[in-house]
Amino acid sequence: KVRYDRLPINEICSDPNITQDQLQSRIDNIINNNNPNTNHILQQTDELGMTALHLLCLNPEATPEMWKIVSDAYPEAASIQAEMITGGIMRDRIHQMVTPIKLWLKMKGLRYY
């Protein structure tokens, strides 16, 4: 829970039980309340540097329609990069900056260039 303190959109995007309607409702609520910080809320990162869209791309139950909801609300989210660290022991770790879609491809075992 600490990872998502004050990051409700990030928390909901990482929840495997979230539905498309719940996500849309949460985003609409932010936008319809004339929140001047809508983009700021959607670009906030957790302690690992991940935005809501990064977390949604890691969510095994998320659908492309859900990605579109977040992307439509904050188009710049697709190009924000987060650091991904892979590998085992320290000397073998690989640090790589990834966009949400590259993260999704990596998690699915698909190659990207």
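See above for the structure.
Residues numbered from 1 in each chain as written. Predicted model: local features only at pLDDT ≥ 70, side-chain atom pairs only at ≥ 80, totals over all residues. Heavy atoms only, no water.

Things to note about the overall build of the chain
For the chain, the count of helices and strands is six helices and two strands. Mapped from its N terminus to its C terminus, the chain presents α and β elements in the order α-α-α-α-α-β-β-α. Buried positions account for 35% of the 113 residues belonging to the chain. When the accessible area of the chain is evaluated, it comes to approximately 7200 Å², of which 51% is carbon and sulfur surface. (Helix = DSSP H or I, 4+ residues; strand = E, 2+ residues; numbered from the N terminus. Buried < 20%, exposed > 50% of the residue type's maximum accessible area, 1.4 Å probe, protein only. Areas by Shrake-Rupley, 256 points an atom, 1.4 Å probe, with all protein chains shown as cover.)

Overview of the nonpolar core
One finds Ile9, Cys13, Leu23, Ile27, Leu53 and Leu56 to be the most contacted residues of the largest nonpolar core, which totals 27 residues. Elements represented by at least two residues in this core include exactly α1 (8-14), α2 (20-32), α3 (38-43), α4 (52-58) and α5 (64-73). In contact with leucine 56, not counting residues within four places along its chain, are Cys13, Leu23, Ala62, Met66, Trp67 and Val70. (Core = buried A, V, L, I, M, F, W, Y, C linked by side-chain atoms within 4.5 Å. Contact = heavy atoms within 4.5 Å.)

Observations regarding the pattern of salt bridges
Oppositely charged side chains can pair when the atoms bearing their charge come close. Per the stated rule, a full pass over the model turns up one salt bridge. Among the ionic pairs, lysine 68 bridges to aspartate 72, the shortest N-O distance being 2.7 Å. Here lysine 68 and its partner aspartate 72 are both found in helix α5, four residues apart, which amounts to about one turn of the helix. (Salt bridge = Lys/Arg side-chain N within 4 Å of Asp/Glu carboxyl O.)

Overview of the side chain of aspartate 46
Structurally, aspartate 46 is set in the loop between α3 and α4. Aspartate 46 sits in the buried class, given a relative accessible area of 6%. Reaching out from aspartate 46, the side chain makes a polar contact with the backbone nitrogen of methionine 50 at a distance of 3.0 Å. Once you skip the residues sitting within four places of it in the chain, aspartate 46 turns out to touch Arg3, Tyr4, Leu7, Asn10 and Leu55. (Polar contact = N/O pair within 3.5 Å; in protein donor to acceptor, adjacent residues only side chain to side chain.)

Re α2
Here α2 spans 18 Å end to end across 13 residues, near enough to the 18 Å set by a 1.5 Å rise per residue. Those residues of α2 that sit buried are Leu23, Ile27 and Ile30. Projection of α2 onto a plane perpendicular to its axis shows the buried side chains occupying an angular sector of 55°, all on one side. Set apart from the buried face of α2 by more than 90 degrees, the exposed residues are Asp21 and Asn32. (Expected span 1.5 Å × (residues − 1). Arc of directions from axis to C-beta.)

By themselves, these observations are geometric and do not establish any function.
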